[in-house]
Amino acid sequence: MQRRIVVVVFPGFQLLDLAGPADVFGTAELVVPGSYRVEVVAPRAGLVPAGNGVTVAAGALDEVEGPIDTLMVAGGLSVPRHLADAGLVGGIAALAGAARRTASVCNGAFLLAEAGLLERRRATTHWLSAGELRERYPDVEVDADPLYIEDGRVWTSAGVLSGVDLALALVGRDLGHETAGRVARGLVVYLHRPGGQSQFSLPMAALTPRSEPLRELQAYIDAHPRADLSVPALAARAGMSERHFSRVFTRQTGLSPGRYVERSRADAARRLLETTDHPLETVARRCGLGTAETLYRVFRRHWRVSPGDHRRRFSPPKER
């Protein structure tokens, strides 16, 4: 049975929130003919401008009839001004009632929350919007870290391209992981980042220090993971007392020195896992983590996957 995917857009929506999942489902249809059909709807039928100026043709949201397999709601910078659109929000609520499952991409989660679909549910959104979602909808359990979250029949995803991860997960659930793998290879994307994997890379998790000495120190940490990066050593390098250094570093980066160093080493390990075939013990030593056991603990803590799983998903295929 062909699964009907209905994607809700609105003026100013993020084009990738539509195009990414639509291409996943469209490619799945090529791999397994008769598996998916994608429809685009908006508060009013006609051409709908995305935030980047590209327009897409959409049907009218209130004219959708019949059962829906998956309702997906796009996000975009214009979402805040659409939260007061009763026709859009009410239409989303109505269509969700006719859908087997409902999903949002990026800050489309705000529209789901406004429609009452996230009440007492765990949800995610773009990490920059998570605090606002939590404050505006206190009955939603907001988790800013995962790429996507499934809570019952409602799925939410993080920023922009995580909509591709979400769509691949849905294809895997519907048609099996082998099919999802073929779709991912066809699109030349990674298969498949698990929902629990962190959406934060080190540059997103930490701020750039205002002071030049700390910016130089931050660059030194990232470039020398095997060096002595203890607080005493870093404070001496910065020409500060340990206590003052820890306070200033934390205030300017948003992370304590120890947390930043560990995250930087985990990031270095991630790069080595993706680009080399070094044994885990070697990766651990080169990243200043000492042993494979420490690498495993740190990697799980920061990326929510094991080093081995990450390498299998992200390392380039070996030449035959």
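Structure: above.
Throughout what follows, the structure given in this document is the object of discussion. For clarity, every value in this text was computed on a predicted model and none was experimentally measured. (Residues numbered from 1 in each chain as written. Predicted model: local features only at pLDDT ≥ 70, side-chain atom pairs only at ≥ 80, totals over all residues. Heavy atoms only, no water.)

What about the overall build of the protein?
The following threshold applies: We count a stretch as a helix when DSSP gives it H or I for four or more residues in a row; a strand needs E for two or more, and each element gets its number in order from the N terminus. Exposure categories follow from relative accessible area, calculated using a 1.4 Å probe and restricted to protein chains: below 20% of the type maximum is buried, above 50% is exposed, and the middle band is partly exposed. Residue contacts are defined here by distance: any two heavy atoms, one from each residue, within 4.5 Å place the two residues in contact. Per-residue accessibility takes into account occlusion by the displayed protein chains alone, with areas from the Shrake-Rupley method and a 1.4 Å probe.
A count of helical and extended segments in the protein gives 15 helices and 10 strands. Its C-alpha atoms put the protein at 65 × 50 × 35 Å along the principal axes. Scored against the burial criterion, the 320 residues of the protein give a buried share of 52%. Of the contacts made within the protein by residues no fewer than 6 positions apart, 66% connect residues no fewer than 24 positions apart. Total accessible area computed for the protein in this model is approximately 15,000 Å², and 52% of it derives from carbon and sulfur atoms.

Points about the sheet that holds strand E4 (residues 55-60)
Just so we agree on the cut-off: Two strands are said to pair when DSSP picks up at least two bridges between them. Interaxial angle, 0 to 180 degrees, is taken between N-to-C directions of lines fitted to C-alpha atoms, where a helix line uses only the stretch in contact.
Taking strand neighbours across the sheet as the criterion, the eight strands line up as E3-E4-E2-E1-E5-E6-E10-E9 in an open arrangement whose pairing is mixed. Since the sheet does not close on itself, it has two edges, and those belong to strand E3 (46-49) and strand E9 (148-151), each with one partner. Within this sheet the neighbouring strands show an average axis-to-axis angle of 35 degrees, counted without direction. Bridge count between strand E5 (residues 68-73) and strand E6 (residues 99-104): five bridges; the pairing is parallel. Its bridge partner being in E6, valine 73 is matched across the sheet by serine 104. Contacting strand E1 (3-8), strand E2 (36-42), E4 and E5, helix H1 (residues 15-31) runs over the sheet at an angle of about 160 degrees to E2. Where helix H6 (residues 162-175) meets the sheet, its contacts fall on E1, E2, E5, E6, E9 and strand E10 (154-157), and the angle it forms with E10 comes to roughly 145 degrees.

Thoughts on a positive patch on the surface
Condition: Patch membership requires more than 30% relative accessible area and the absence of a salt bridge. Residues of like charge join within 9 Å; the nonpolar side chains Val, Leu, Ile, Met, Phe, Trp and Tyr join within 5 Å. Any carboxyl oxygen of Asp or Glu that lies within 4 Å of a side-chain nitrogen of Lys or Arg is treated as forming a salt bridge with it. Residues scored as positive are Lys and Arg, those scored as negative are Asp and Glu, and His as well as the terminal groups of each chain are ignored. A charge is said to be at NZ when it belongs to Lys, at CZ for Arg, at CG for Asp and at CD for Glu.
Judged by side-chain charge, Arg210, Arg243, Arg247 and Arg251 come together as a positively charged surface patch. Structurally, arginine 251 is set in helix H11 (residues 242-253).

Notes on helix H7 (residues 177-187)
Buried within H7 are the following residues: Thr179, Ala180, Gly181, Val183 and Ala184. Where the residues of H7 are buried, they touch H1 and H6.

Here we look at the packing of helix H9 (residues 212-223) against H11
What counts here: When an angle is under 35 degrees it counts as roughly parallel; over 145 it counts as roughly antiparallel; between 65 and 115 it counts as roughly perpendicular; any other value is oblique. Polar here means any residue outside two lists: the nonpolar Ala, Val, Leu, Ile, Met, Phe, Trp, Tyr, Cys and Pro, and the charged Asp, Glu, Lys and Arg; Gly therefore counts as polar.
Two numbers describe how H9 lies on H11: the axes approach to 11 Å, and their chain directions differ by 85 degrees. It follows from the interaxial angle that H9 and H11 lie roughly perpendicular. Seen from H9, the contacting residues are Leu214, Leu217, Gln218 and Ile221; seen from H11, they are Phe245, Val248, Phe249, Gln252 and Thr253. Its residues assigned to classes, the contact of H9 with H11 shows six nonpolar, three polar and no charged.

A short note on the packing of aromatic side chains
What counts, and what does not: By convention, a stacked pair of Phe, Tyr or Trp rings (six-membered ring in the case of Trp) has centres within 6.5 Å and planes under 30 degrees apart, an edge-to-face pair has planes over 60 apart, and any other such pair is tilted. Consider the ring centre and the ring normal. A charge sits over the ring if Lys NZ or Arg CZ is within 6 Å of that centre and within 35 degrees of that normal.
Summed over all chains, the structure comprises five aromatic pairs. On the numbers, 4.9 Å between centres and 55 degrees between planes, the contact of phenylalanine 25 with tyrosine 36 is tilted. Of this pair, phenylalanine 25 sits in helix H1 while tyrosine 36 is found in strand E2, placing the two residues 11 residues apart along the sequence. For phenylalanine 25, a relative accessible area of 1% gives the class buried. Judged by relative accessible area, tyrosine 36 falls into the buried class, the value being 3%. Following the ring pairs from residue to residue traces out a cluster consisting of Phe245, Phe249 and Tyr260. Between the NZ or CZ atom of arginine 3 and the centre of the ring of tyrosine 36, over which it lies, the distance is 5.9 Å. The positively charged end of arginine 237 is found above the aromatic ring belonging to tyrosine 220, 3.6 Å away from the centroid.

Details of the packing of H6 against H7
Using the following cut-off: Each crossing is labelled by how the near helix is turned from the far one, with a counterclockwise turn of less than a right angle marking it left-handed and a clockwise turn marking it right-handed.
Their axes nearest at 7 Å, the elements H6 and H7 cross at an angle of 140 degrees. Handedness of the crossing formed by H6 with H7: right-handed. Residue-level inspection shows Leu168, Val171, Gly172 and Leu175 of H6 in contact with H7, the latter providing His177, Thr179, Ala180, Val183 and Ala184. For the contact of H6 with H7, the class distribution of residues is six nonpolar, three polar and no charged.

Focus on the pattern of salt bridges
Tallying each qualifying case throughout the model produces 16 salt bridges. Residue aspartate 267 pairs with arginine 270 through a salt bridge whose shortest N-O separation is 2.8 Å. Taken together, the residues aspartate 267 and arginine 270, both in helix H12 (residues 257-275) and three residues apart, mark about one turn of the helix. Neither residue differs from the other here; aspartate 267 and arginine 270 are each classed as buried.

A closer look at the side chain of threonine 70
Put simply, the rule is: N or O atoms within 3.5 Å of each other form a polar contact, as long as, within protein, one can give a hydrogen and the other can take it, and as long as residues adjacent in sequence are counted only when both atoms are side-chain atoms.
Mapping threonine 70 onto the fold places it in strand E5. A polar contact is formed between the side chain of threonine 70 and the side chain of aspartate 69, at a distance of 2.6 Å. Setting aside anything within four residues of it in sequence, one finds threonine 70 in contact with Arg4, Ile5, Val6, Arg101 and Leu170.

A few points about unusual backbone geometry
Look at cysteine 106: it is not a glycine, yet its phi comes out positive at around 55 degrees. Here cysteine 106 is to be found in the loop between E6 and helix H4 (109-114). Of note in this structure, arginine 120 is not a glycine but carries a positive phi near 60 degrees. For arginine 120, the position within the fold is in the loop between H4 and strand E7 (122-123). By relative accessible area, arginine 120 is classed as exposed at 70%.

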